[in-house]
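Structural features, examined
Single-letter residue listing:
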Amino acid sequence: MIRTVESEPHVSAPVLAAYSYCEAVTGQQARNFAYGIRLLPTPKRRAMSALYAFSRRVDDIGDGDLVDEVKSVRLNETRALLTRIREDAVAEDDTDPVAVALAHAARHFPIPLGGLDELIDGVLMDVRGETYETWDDLKAYCRCVAGAIGRLSLGVFGTEPGARGVERASEYADTLGLALQLTNILRDVREDAEGGRTYLPADDLAKFGCSAGFSGPTAPEGSDFAGLVHFEVRRARALFAEGYQLLPMLDRRSGACVAAMAGIYRRLLDRIERDPEAVLRGRVSLPGREKAYVAVRGLSGLDTRHVTRRTVRRRA
């Protein structure tokens, strides 16, 4: 069982400033994520914003305009910084606010910081331009860049005392991360193609006649693009169904956070399923009012109760 504390001792002014910086980064650059973490108590919200800000830094290096050799150097420098954080060698008055905030969070929550090493490994795969022949190949990448984030987040959330099946909590958090990442891949298929990246498995692309790629606002001639999208949507839904089993293991507000973030992506998946070629015309997104509704639904516990009832029926 993973335990966390809901309150913390006095936080110094430099650490508060560092957290404020991380929360600003999160609010500006991760609106879906920000909707979820607003539902957390302050210590957990701050810790999650520190995790996001560090992860954003890693992603920005990978997605930036630097040449690949410089990207690799920057990522290795970031890994060295992570080692300093792990060794508690970052002072509160350090000039790097992300390092200060994450170091403080790691002292107060059992965050498995090795997950951030996995994230760096995944971004290095992007820098090397790796492609994926099969779903198992892509899954290994997704576990680095998203499953690891699920496991890191679980270190902040903790689990409820006596929760049934809690020994699988990390597995479910990982799987939920995969579901979110596959949804991202579907949403960004055109944008990634323009950047020279293809994430969907080559086996799947060939099966649906899409090996030519996605360079324009319409599907490749003669392809079954809708069939490809619906195939991947079914895969993502199965991952969501498994990952949602994490919800009853969390306290109310942590469960609400996860339900809100996952719920936004599930609704995004619904939109993609209804109009597959929309992802070739531009980025599919949800309006703010719909995200707010999902957040309120998460806070109400509806999703958690639904998962609990379904689990009980399956065991009966």
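Model, not experiment: these values are computed from the prediction.

**Side note on the nonpolar core**
Among soluble globular proteins, nonpolar side chains are generally buried collectively. One finds Phe54, Ile85, Leu116 and Phe225 to be the most contacted residues of the largest nonpolar core, which totals 98 residues. For this core, the element with the most residues is helix H7 (residues 135–157), which contributes eleven residues. Excluding residues within four positions of it along the chain, Leu116 makes contact with Leu51, Phe54, Ser55, Leu82, Leu102 and Leu152.

**Some remarks on the packing of H7 against helix H8 (residues 169–187)**
When two helices pack together, their arrangement is given by the angle between the helix axes and the distance between those axes. Relative orientation of the contacting elements H7 and H8 amounts to 120°, with a least axis distance of 7 Å. Classified by the angle their axes make, H7 and H8 are oblique. Where H7 crosses over H8, the two elements pack in a sense that is right-handed.

**Points about empty space enclosed by the protein**
As enumerated under the stated definition, the model contains one cavity of 30 Å³ or more in all. In this structure, the largest cavity spans a volume of roughly 70 Å³. Take the lining of the largest cavity: its biggest share by element is three residues, from helix H9 (residues 189–194). Class assignment for the residues of the lining of the largest cavity results in six nonpolar, one polar and two charged.

**A look at unusual backbone geometry**
Phi at Asp88 takes a positive value of approximately 55°, unusual for a residue other than glycine. By the element assignment, Asp88 lies in the loop between helix H4 (68–86) and helix H5 (97–108). Exposure remark for Asp88: the relative accessible area of 45% places this residue in the partly exposed category.

**Examining the confidence of the model for the protein**
Across the protein, the average pLDDT comes to 90, with 91% of residues at 70 or higher. A low-confidence stretch, residues 1–7 (pLDDT under 50), is modelled with 25 contacts involving residues beyond four sequence positions or located in other chains.

**A short note on the packing of helix H1 (residues 13–29) against helix H3 (residues 42–63)**
It is the contact of H1 with H3, at a shortest axis distance of 8 Å, that shows an interaxial angle of 65°. The two elements H1 and H3 cross, and the hand of that crossing is left-handed. Within the contact between the two elements, H1 uses Leu16, Tyr19, Cys22, Glu23, Val25, Thr26 and Gln29 and H3 uses Arg45, Arg46, Ala47, Ser49, Ala50, Tyr52, Ala53, Arg56 and Asp60. The class makeup of the residues in the contact of H1 with H3 is eight nonpolar, three polar and five charged.

**As for the side chain of Ser55**
Within the fold, Ser55 resides in helix H3. On the basis of relative accessible area, Ser55 is assigned to the buried category, the value being 9%. When near neighbours in sequence (up to four residues on either side) are disregarded, Ser55 contacts Leu116, Leu119 and Ile149.

**Observations concerning H3**
Spanning 22 residues, H3 covers 31 Å between terminal C-alpha atoms, matching the ideal 32 Å at 1.5 Å per step. Within H3, 16 of the 22 residues are buried, which leaves it mostly tucked inside the rest of the structure.

**A closer look at the pattern of salt bridges**
Per the counting criterion, the structure on display carries 27 salt bridges. Here Lys44 makes a salt bridge to Asp251, at a shortest N to O gap of 2.8 Å. Of this pair, Lys44 sits in helix H3 while Asp251 sits in the loop between helix H11 (225–243) and helix H12 (252–274); the two residues are 207 residues apart in sequence, bridging distant segments of the chain. Here the two residues Lys44 and Asp251 agree in accessibility, since each one is buried.

**Topic: the environment of Val67**
Note on placement: Val67 falls in the loop between H3 and H4. Residue class for Val67 comes out partly exposed when judged on its relative accessible area of 49%. In this structure the C-alpha to C-alpha distance between Val67 and Arg187, which are 120 residues apart in sequence, comes to 26 Å.

**Quick word on H4**
Look at H4: 27 Å from first C-alpha to last across 19 residues, which is about the 27 Å you get at 1.5 Å a residue. Of all the positions in H4, only Lys71, Leu75, Thr78, Leu81, Leu82 and Ile85 are classed as buried. For H4, the angular spread of buried residues about the axis comes to 110°, placing them on one side. Along its buried surface, H4 packs onto H3, H5 and helix H6 (114–127). Positive backbone phi, at 55°, marks Asp88, one or two positions downstream of H4.

**A short note on the state of the cysteines**
Here the structure, examined in full by the defined rule, presents zero disulfides. Left without a disulfide partner, Cys142 is nearest to the cysteine sulfur of Cys144, which lies 9.3 Å away. Distance from the sulfur of Cys210, which forms no disulfide, to the nearest cysteine sulfur (Cys142) is 18 Å. A relative accessible area of 0% means that Cys210 is categorised as buried.

**A closer look at the packing of aromatic side chains**
According to the stated counting rule, one finds seven aromatic pairs in the structure shown. Between Tyr132 and Tyr141, the ring centres sit 5.3 Å apart and the planes meet at 35°, which makes this aromatic pair tilted. Each member of the pair, Tyr132 as well as Tyr141, carries the same accessibility label: buried. Relative to Tyr199, the ring of Tyr132 has its centre 6.4 Å away and its plane inclined at 15°; by these criteria the two rings are stacked. With Tyr132 in the loop between H6 and H7 and Tyr199 in the loop between H9 and helix H10 (202–207), the pair connects residues that are 67 residues apart, well separated along the chain. Both residues of the pair, Tyr132 and Tyr199, belong to the buried class. The lysine or arginine in question, Arg266, covers the ring of Tyr244, its NZ or CZ lying 4.8 Å from the ring centre.

Cut-offs applied
Residues numbered from 1 in each chain as written. Predicted model: local features only at pLDDT ≥ 70, side-chain atom pairs only at ≥ 80, totals over all residues. Heavy atoms only, no water. Core = buried A, V, L, I, M, F, W, Y, C linked by side-chain atoms within 4.5 Å. Buried < 20%, exposed > 50% of the residue type's maximum accessible area, 1.4 Å probe, protein only. Helix = DSSP H or I, 4+ residues; strand = E, 2+ residues; numbered from the N terminus. Contact = heavy atoms within 4.5 Å. Axes fitted to C-alpha atoms, helices over the stretch in contact; angles between N-to-C directions. Parallel < 35°, antiparallel > 145°, perpendicular 65-115°, else oblique. Left-handed = near helix turned anticlockwise from the far one by under 90°. 1 Å grid on protein atoms, 1.4 Å probe; cavity = no way out; pocket = protein on both sides within 12 Å on 5 of 7 lines; lining within 4 Å. Points joined across faces, edges and corners; volume = space filled by probe spheres on them. Nonpolar A, V, L, I, M, F, W, Y, C, P; charged D, E, K, R; others polar. pLDDT = per-residue confidence, 0-100. Expected span 1.5 Å × (residues − 1). Salt bridge = Lys/Arg side-chain N within 4 Å of Asp/Glu carboxyl O. Arc of directions from axis to C-beta. Disulfide = S-S within 2.5 Å. Phe/Tyr/Trp six-rings, centres within 6.5 Å; stacked < 30°, edge-to-face > 60°. Lys NZ or Arg CZ within 6 Å of the ring centre and 35° of its normal.

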